[in-house]
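Survey of secondary and tertiary structure
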Amino acid sequence: MMNGRVYTDLFTVYIARIRRQSELVDWVVEKHFNKNRFCVALKGVELMGAQNILDMIRLSENNTNVLLADIYPSMWNEAHESVNKVYSDMMTYMKGEENMDLKESVRALFDALFPLVYHHNINPKLQELSADYKECMQETQDEIRPFGDVARRLGLHVSKSLQAARVFVQALTLGMKAMNLTDYVVLTPECQRALLRLTHCPHCQGLVSAKPCTGYCLNVMHGCLSGVAEMEQPWNDFISSLETLVNGMKGAYNVEEVTASLDSKISDAIMHAMDNGPEISKKENVFDRFIKERIKWKS
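Right, let's walk through the structure included here. What you see is a predicted model; the values in this text were computed from it and never measured.

Turning to the pattern of salt bridges, a few remarks are in order. Oppositely charged side chains can pair when the atoms bearing their charge come close. Here the structure, examined in full by the defined rule, presents six salt bridges. Residue Asp89 is joined to Lys85 by a salt bridge in which the shortest nitrogen-to-oxygen separation is 2.9 Å. Of this pair, Asp89 and Lys85 both sit in helix 5 (residues 73-94), four residues apart, roughly one helical turn. Relative accessible area serves as the criterion here: at 7%, Asp89 is assigned to the buried category. Among the ionic pairs, Asp149 bridges to Arg153, the shortest N-O distance being 3.5 Å.

This is how it looks when you write it as structure tokens:
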């Protein structure tokens, strides 16, 4: 009777042989891992690892720095730190180091930009704004809405797209780990005997180059992989969840489109504030009211 090592070697030889028979491999993958549904789930979506998304964020940050420095040079020295901060938060979030609230990160960016846009582009004749005055301007954003709805929508798109991208990357990693586990399937004695008959019975008759018939191969493979079949329902559920996630990553929440357009969207928000500068200037009484309330509170 052959020992386990010999059976393992026979199994290795057998697997190498059937890998050259694509119809058998396709059958096994389709039967036990639902290959077609996996491909459908990823159709039209590039398989992106975390590193690819981090590269997109870095490229977006560079484009934003270049664009804003070119168009708004007067305020850029004061603004670039706030811009870099939101990108730093995005990087931290994608690395999974911390559960950042990216909507708040984007909001903080526009909070910092409002006094700068007002001072340098809307009312440049003003003297240097005090820290209290800047803080009061930031606190009035919900009332004045200098950037219209651009800031709110941008925060939502950044948050949702990166959330979906991070979950997608984590799901792919988990799926690959699950598939890799099938490389260590333990062969039962029945499977070992079936493989021995499958590969060596023709040898006993001098038919060294004869291949086993397809039906027999399928039966043996079905028996040897019956334990793996228990993964079918959990795997199908996993693929269904991926399909739902992929559908949610399209359009406005496509991480590639969101990061690629971030520079222009930030610039659009600043332009919106500048175009509405006269209306915003009429609301200086709102700032003054906040200043008076702050002084009263401090006293």
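All right, on to the packing of helix 6 (residues 102-122) against helix 7 (residues 131-139) then. Contact geometry of helix 6 with helix 7 gives a least axis separation of 9 Å together with a crossing angle of 115 degrees. Along this stretch, helix 6 crosses helix 7, giving a crossing that reads as right-handed. Residue-level contacts link Asp111, Ala112, Phe114, Pro115 and Tyr118 of helix 6 to Lys134, Met137 and Gln138 of helix 7. Partitioning the contact of helix 6 with helix 7 into residue classes produces five nonpolar, one polar and two charged.

Another aspect to go through is unusual backbone geometry. Unlike most non-glycine residues, Arg145 shows phi in positive territory, near 50 degrees. Its place among the elements puts Arg145 in the loop between helix 8 (141-144) and helix 9 (150-181).

The final tally for this structure, using the stated rule, is three aromatic pairs. Relative to Tyr118, the ring of Phe114 has its centre 6.4 Å away and its plane inclined at 70 degrees; by these criteria the two rings are edge-to-face. You can see Phe114 and its partner Tyr118 sitting in helix 6, four residues apart, about one turn around the helix. Aromatic side chains Phe114 and Phe147 sit 6.3 Å apart centroid to centroid with 75 degrees between the ring planes, which places their arrangement in the edge-to-face category. Here Phe114, found in helix 6, pairs with Phe147, found in the loop between helix 8 and helix 9; they are 33 residues apart in sequence, far enough to count as distant. A relative accessible area of 1% places Phe147 in the buried class.

On to the packing of helix 5 against helix 6, then. To characterise two packed helices, one gives the angle between the axes of the helices and the distance between these axes. Helix 6 packs onto helix 5 with a crossing angle of 175 degrees between their chain directions and a minimal axis gap of 10 Å. As far as their axial angle goes, helix 6 and helix 5 are roughly antiparallel. Contacts between helix 5 and helix 6 involve Ser74, Met75, Glu78, Ala79, Ser82, Val83, Val86, Asp89, Met90 and Tyr93 on the former and, on the latter, Leu102, Ser105, Val106, Leu109, Ala112, Leu113, Leu116, Val117, His120 and Asn121. Residue composition of the contact of helix 5 with helix 6, grouped by class: 13 nonpolar, five polar and two charged.

Conventions adopted
- Residues numbered from 1 in each chain as written.
- Predicted model: local features only at pLDDT ≥ 70, side-chain atom pairs only at ≥ 80, totals over all residues.
- Heavy atoms only, no water.
- Salt bridge = Lys/Arg side-chain N within 4 Å of Asp/Glu carboxyl O.
- Helix = DSSP H or I, 4+ residues; strand = E, 2+ residues; numbered from the N terminus.
- Buried < 20%, exposed > 50% of the residue type's maximum accessible area, 1.4 Å probe, protein only.
- Axes fitted to C-alpha atoms, helices over the stretch in contact; angles between N-to-C directions.
- Left-handed = near helix turned anticlockwise from the far one by under 90°.
- Contact = heavy atoms within 4.5 Å.
- Nonpolar A, V, L, I, M, F, W, Y, C, P; charged D, E, K, R; others polar.
- Phe/Tyr/Trp six-rings, centres within 6.5 Å; stacked < 30°, edge-to-face > 60°.
- Parallel < 35°, antiparallel > 145°, perpendicular 65-115°, else oblique.

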